[in-house]
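# Results of the structural survey
So the chains spell out like this:
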Amino acid sequence: MTDKPQGGKPGDDSAAEEAVIKAAEEAAAAGGAGEGSEELATAKRELAERTADLQRLQAEYQNYRKRVERDRLTVREIAVSNILESLIPVLDDIGRAREHGEVTGGFKSVAESLEMVVAKLGLQQFGKEGEPFDPTQHEALMHSYSSDVTEDTCVQILQPGYRIGERIIRPAMVAVAEPQPGTQTTPGPDAEAEAGEDKPDGGSDS
């Protein structure tokens with residue numbers, strides 16, 4: 001009876017394949033060491049070139065994805081901004097109706113729902129009485145002087161302003177009061193007299 005080779009199963013040629021590959025490698029190493037070195041150098045160079053190409057393609061693809069995402073967000077912001085801007089006159093009407101006590105019943109629910117939706121989309125109302133006048137956010141429609149203010153101040157909001165993020169959609173229309181001329185001068189005689197009373201005496205009785 002013939003013994004079967006150890007370490008293998010019937011039909012398993014992996015050991016034979018490994019032996020053939022090993023023999024081929026030894027023959028190539030023995031027969032053409034110089035030629036093999038050149039081929040190896042060429043292969044390494046081509047590998048480096050292909051790797052650089054792949055890295056460049058990956059970088060270009062990442063930049064493309066970022067640009068597409070940025071453009072998509074920009075288009076969405078423009079579309080939302082256009083819709084919200086077209087709704088501002090409606091919000092103005094709601095505000096005027098609220099000032100006259102006409103926002104009641106079902107109309108009140110509709111008005112509040114609309115205001116809630118536009119707020120979620122990023123529309124913010126601004127402009128309050130008493131805040132300093134800022135020409136980048138306010139548009140002065142009326143002007144006056146007042147002794148009650150120490151700087152240019154919004155004393156009346158004629159129409160609220162709206163912004164989306166940092167972008168002003170519409171400035172607030174306001175009435176502005178400036179300090180009354182002559183009210184910011186040096187202290188009067190009464191103030192000077194009071195200050196003199198607080199000073200210590202210049203000398204002592206002796």
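Conventions used here
- Residues numbered from 1 in each chain as written.
- Predicted model: local features only at pLDDT ≥ 70, side-chain atom pairs only at ≥ 80, totals over all residues.
- Heavy atoms only, no water.
- Helix = DSSP H or I, 4+ residues; strand = E, 2+ residues; numbered from the N terminus.
- Buried < 20%, exposed > 50% of the residue type's maximum accessible area, 1.4 Å probe, protein only.
- Contact = heavy atoms within 4.5 Å.
- Areas by Shrake-Rupley, 256 points an atom, 1.4 Å probe, with all protein chains shown as cover.
- Pairing = 2+ DSSP bridges.
- Axes fitted to C-alpha atoms, helices over the stretch in contact; angles between N-to-C directions.
- Core = buried A, V, L, I, M, F, W, Y, C linked by side-chain atoms within 4.5 Å.
- Lys, Arg positive; Asp, Glu negative; His and termini not counted.
- Salt bridge = Lys/Arg side-chain N within 4 Å of Asp/Glu carboxyl O.
- Polar contact = N/O pair within 3.5 Å; in protein donor to acceptor, adjacent residues only side chain to side chain.
- 1 Å grid on protein atoms, 1.4 Å probe; cavity = no way out; pocket = protein on both sides within 12 Å on 5 of 7 lines; lining within 4 Å.
- Points joined across faces, edges and corners; volume = space filled by probe spheres on them.
- Nonpolar A, V, L, I, M, F, W, Y, C, P; charged D, E, K, R; others polar.
- pLDDT = per-residue confidence, 0-100.
- Patch = residues over 30% accessible without salt bridge, like charges linked within 9 Å, V, L, I, M, F, W, Y side chains within 5 Å.

## Structural notes on the overall build of the chain
Of regular secondary structure, the chain possesses 4 helices and 6 strands. Its helices and strands taken in sequence order, the chain reads α-α-α-β-β-β-β-β-β-α from the N to the C terminus. Across the 206 residues of the chain, 15% fall into the buried class. By sequence separation, contacts in the chain at least 24 residues apart represent 64% of the contacts at least 6 residues apart. Entry remark: accessible area of the chain is about 16,200 Å², with carbon and sulfur atoms responsible for 53%.

## A few points about the sheet that holds strand 3 (residues 153-159)
The mixed open sheet is built from 3 strands, whose spatial order is 2-6-3. Bordering the open sheet on either side are strand 2 (138-146) and strand 3, each of which pairs with just one other strand. For this sheet the average axis-to-axis angle between neighbouring strands, irrespective of direction, equals 25 degrees.

## Here we look at the nonpolar core
Of all hydrophobic cores here, the largest spans 12 residues; its members are Val80, Leu84, Ile88, Leu91, Ile94, Ala97, Val103, Ala111, Val118, Leu123, Tyr162 and Ile169. Elements with a contribution of two residues or more to this core: helix 2 (33-99) and helix 3 (105-120). Here the element with the most residues in this core is helix 2; it accounts for 6 residues.

## Looking at the side chain of Arg163
For Arg163, the location among the structural elements is in strand 4 (residues 161-164). No salt bridge is formed by the buried Arg163; its nearest oppositely charged neighbour, Glu166, is found at 5.8 Å. A distance of 2.7 Å separates the side chain of Arg163 from the side chain of Gln137, its partner in a polar contact. Discounting chain neighbours no more than four positions away, the residues touching Arg163 are Gly122, Leu123, Gln124, Phe126, Gln137, Ile168 and Ile169.

## Section: the layout of surface pockets
Roughly 440 Å³ of internal volume is contained in the largest pocket. Sorting the residues of the lining of the largest pocket by element identifies helix 2, helix 3, strand 1 (123-126) and strand 3 as the ones contributing at least two each. Broken down by element, the residue count for the lining of the largest pocket peaks at 6 residues, all from helix 2. Of the residues belonging to the lining of the largest pocket, the class tally is 8 nonpolar, 3 polar and 5 charged.

## Brief notes about the pattern of salt bridges
For side chains of opposite charge, pairing can occur when their charged atoms come near one another. Applying the stated criterion across every chain yields a total of 6 salt bridges. For the salt bridge of Asp92 with Arg170, the shortest nitrogen-to-oxygen distance reads 2.7 Å. Residue Asp92 is found in helix 2, and its partner Arg170 is found in strand 5 (residues 167-170); the two are separated by 78 residues along the sequence. Exposure class is identical for Asp92 and Arg170. Each is buried. Its salt-bridge partner being Glu115, residue Arg98 comes within 3.1 Å of it at the nearest N-O pair. Placement of the pair is Arg98 in helix 2 and Glu115 in helix 3, with a sequence separation of 17 residues. With relative accessibility at 39%, the residue Arg98 sits in the partly exposed group.

## Some thoughts on the confidence of the model for the chain
On average, residues of the chain score 80 in pLDDT, and 71% of them are at 70 or above. The weakest mean pLDDT in the chain belongs to helix 4 (residues 189-198) at 52; the strongest belongs to strand 6 (residues 172-179) at 95. Segment residues 4-11: pLDDT under 50, and 1 contact once partners within four positions in sequence are set aside and those in other chains are kept. The low-confidence segment residues 202-206 (pLDDT under 50) makes 0 contacts with residues lying over four places distant or belonging to another chain.

## Section: a nonpolar patch on the surface
On the surface, Tyr61, Tyr64 and Val68 cluster together into a nonpolar patch covering about 310 Å² of accessible area. Structurally, Tyr61 is set in helix 2. Relative accessible area serves as the criterion here: at 48%, Tyr61 is assigned to the partly exposed category.

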